[in-house]
Amino acid sequence: MATLKEVKLKIVSVKKTKQITSAMKMVATSRLRGAQNAMEAFKPYAGKFAEVLGSIAGKSGEDASPLLIPRDSVQKVVVILCTSDRGLCGGFNTNLITKAEKFIKSELEEKDVSLVCFGKKGRDWAKKYPHRIEDQHIGVVGGTIEFAVASSSGQKMINSFLDGAVDEVYLIYSEFVSMARQEATIKKILPIPSLEAVAGEKESAADAGFLPEHICEPSSDALLGEMLPKNIFIQIYDALLKTSTSEHAARMRAMENATKACEDMVDELQTIFNKTRQAGITADLMDIVGGAEALKG
Amino acid sequence: MAEKLMLEVVTPQKAVVSEEVQSVVAPGSEGEFGVLKNHTTFLTSLNAGALKYIDSKGATRYLFVNGGFAEVLPDKVTILAESAERRRDIDLDRAEKAKQRAEKRLADKSAKVDIIRAEAALRRAIYRINIKKSLK
């Protein structure tokens, strides 16, 4: 049985831990709000872009851009893995990394896989594997994300794809479904799956079905050629925003659970403390009573 | 027929402008173009440059847009730009420094310099400075 003092110390330490976790929860909550605002602010741009892209994609052929043409034999694959920089957010990073691991093992077996890592956790994982780390970006996910980060990274991918240095590019990120649910998601971004998919996916994003016939300047094919790379940047940016929001939501929940666990633990310890104290008093009383009895006798 | 013309300038970070205007002049990639209400539907890419519009009160306003796309409908002009700044938000010091940097890089004749990028940077800086300075 623990002594009274030990239990007391334990209670104090658990209470301190609780203070930390509840503070972290509050920080995560406010960061989450910021990340959600950034996500909301991006919607008008993404929505409008999708609408316009959808309307010109319908007019062009499947060979309008080299980014649309799949390679006959796929050798070199790049996986862009978005994770967070910091831990203490429950299974968030583990989910993403497991997803990546399984995907690479099952789908990309015997291919030359290299990684582009957004976030420290994913990079640390990748270091332990024989996959080359093409590029890493630390300090992006979780903070304010600049569009330029997504576009420069996307441009690099496009350049290596066009050079033939890369045959396929996948994006693994955390989809923000709701506050309570974040899902690790895999998306193929290069070669662009098909124009119909691009247009189809977008149609749901456009509010009305009304897409006017535009006069295009330069030609619709040239415009499409300019818009498709941008669309890739948008996908990467979107993935980063969502991963960032998911991270904060996951951390908020993890910290909430931790705070609750601390509370339960304090309750339990308090009971033990009371019992121990009572046992001490009872033992003392027994002594006194025993002593008194002995004197009487 | 459309009664009014709306201008919307959106970037990934935020909607920069969303208001009723009388006219818009934008830096299209095939040349500058002006839009009044009831313009035919039209889609074009944009160069970096000055976007000028006359707001509903008749005041002329300028924005710097860094490339992108414009969609013109009879009652609405939508500009999709990677970045856009109102004149009052342009940082003159930063633009001046960017200009000097770009000029230096262009003056350097070694093969390492990416001429296209440096020229683009120079152009952006000059547009920013012009918008901020001359159009007061």
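These figures come from a predicted structure and were not determined experimentally.

Criteria and thresholds
Residues numbered from 1 in each chain as written. Chains lettered and ligands numbered in written order. Predicted model: local features only at pLDDT ≥ 70, side-chain atom pairs only at ≥ 80, totals over all residues. Heavy atoms only, no water. Domains from an automatic or database assignment. Contact = heavy atoms within 4.5 Å. Buried area = accessible area lost by both parts, 1.4 Å probe. Salt bridge = Lys/Arg side-chain N within 4 Å of Asp/Glu carboxyl O. Helix = DSSP H or I, 4+ residues; strand = E, 2+ residues; numbered from the N terminus. Nonpolar A, V, L, I, M, F, W, Y, C, P; charged D, E, K, R; others polar. Polar contact = N/O pair within 3.5 Å; in protein donor to acceptor, adjacent residues only side chain to side chain. Pairing = 2+ DSSP bridges.

Here the focus is the domain arrangement of chain B. All names here are of chain B. What the domain assignment lists for chain B is domain 1 (5-87) and domain 2 (91-133). The gap between the C-alpha centroids of domain 1 and domain 2 is 24 Å. Taken residue by residue, the interface counts nine residues in domain 1 and five residues in domain 2. Note on domain 1 versus domain 2: buried area summed over both sides is about 710 Å², and carbon and sulfur give 62% of it. A per-residue breakdown of the area domain 1 buries against domain 2 is headed by Phe64, Glu85 and Arg87, which together make up 62% of the total. Here domain 1 and domain 2 share one salt bridge between them. Of all the secondary structure elements, the ones that give two or more residues to the side of domain 1 that touches domain 2 are β5 (49-55) and β6 (60-65). In terms of residue count, β6 provides more of the side of domain 1 that touches domain 2 than any other element does, three residues in total. Of the residues assigned to the side of domain 1 that touches domain 2, the class counts are five nonpolar, two polar and two charged.

Across the boundary between the two partners, chain A contributes 25 residues, which contact 21 residues of chain B. Interface area, chain A with chain B, both sides summed: about 2,100 Å², of which 63% is carbon and sulfur. Contact with chain B buries area across many residues of chain A, yet A:Tyr45, A:Lys48 and A:Glu217 alone supply 31% of it, more than any other trio. Run the count over chain A and chain B and you get two salt bridges. Between B:Glu82 and A:Lys230 there is a salt bridge; the shortest N-O distance is 3.9 Å. Our enumeration of links across chain A and chain B arrives at four residue pairs in polar contact (both at pLDDT 80 or more). Where the side of chain A that touches chain B is concerned, the elements lending two or more residues are α1 (4-57), α4 (147-163), β6 (215-217) and α6 (220-296) of chain A. It is α1(A) that contributes the most residues to the side of chain A that touches chain B, eight residues altogether. For the side of chain A that touches chain B, the class distribution of residues is 17 nonpolar, two polar and six charged. As defined by bridge partners, β6(A) adjoins strand β4 (residues 42-46) of chain B across three bridges and the pair is classed as parallel. Within β4(B), the position partnered with A:Cys216 by the bridge is B:Leu43.

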